[in-house]
Amino acid sequence: PEWSAKFIAGEISYKPRPWLEAQMPSFPKRAQLLAEGLAMQHGFSPQTSDEPPIDEKAAEIGRNLVSIPPLGFSCVACHAVGKVGITQVFESPGINLAHSGERLLPAFFNRWLLSPQLIDPISKMPTYFDEDGRSPLTDVYDGDGEKQIHAIWQYIRLGKKMPAPTTE
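First, a word on what this report is: a plain description of the structure on this page. (Residues numbered from 1 in each chain as written. Predicted model: local features only at pLDDT ≥ 70, side-chain atom pairs only at ≥ 80, totals over all residues. Heavy atoms only, no water.)

### Topic: the side chain of Ser67
Phase 1: Positionally, Ser67 belongs in the loop between α3 (56-66) and α4 (100-103).
Phase 2: Engagement of the side chain of Ser67 in a polar contact is seen with the backbone oxygen of Arg63, the distance being 2.8 Å.
Phase 3: Beyond its immediate sequence surroundings of up to four residues, Ser67 is in contact with Gly72, Phe73, Ser74, Cys75, Val76, Pro165 and Thr166. (Helix = DSSP H or I, 4+ residues; strand = E, 2+ residues; numbered from the N terminus. Polar contact = N/O pair within 3.5 Å; in protein donor to acceptor, adjacent residues only side chain to side chain. Contact = heavy atoms within 4.5 Å.)

### Section: unusual backbone geometry
Phase 1: Backbone torsion omega between Pro69 and Pro70 reads 10 degrees, so that peptide bond is classified as cis.
Phase 2: You can see Pro70 is positioned in the loop between α3 and α4.
Phase 3: One non-glycine residue, Asp142, lies in the positive phi region at around 55 degrees.
Phase 4: Relative to the helices and strands, Asp142 is located in the loop between α6 (116-119) and α7 (145-156).
Phase 5: In this structure Asp142 comes out as exposed when scored by relative accessible area, which is 58%. (Buried < 20%, exposed > 50% of the residue type's maximum accessible area, 1.4 Å probe, protein only.)

This is the structure in structure tokens:
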């Protein structure tokens, strides 16, 4: 909700989806109330809950998981990470992961990674986890999707301090 309030107020200096020509109008006087109302409408608290400190070891594993195979899922094919651009060029780029940790709630992030098409049926993002929450990357946490998603979340929480993923 805090990020949403800044976005609605016109205080975010970057476009989360730079490929869209549309621009969100700003409503600075009502931004806080709109953001809190949207959060509550979707069943979330009007304030983001505090999270424990970033788990640095898990964040390093998360860095590997967003990297190219054999280390990771190749998230960098579609998602930039800070100044590191996407490695594939096509019509459906993803959002820059360096901005995601400040913008997304952990519960949404978990749901999104487990099944992107349940949230957005026209999403181009592939599903990496099976119905039991297992991933094909069995060398990382024995394929435990919950632990892998947690590691990626820890990495994403680093924001602008994210070390570059492996792209070659």
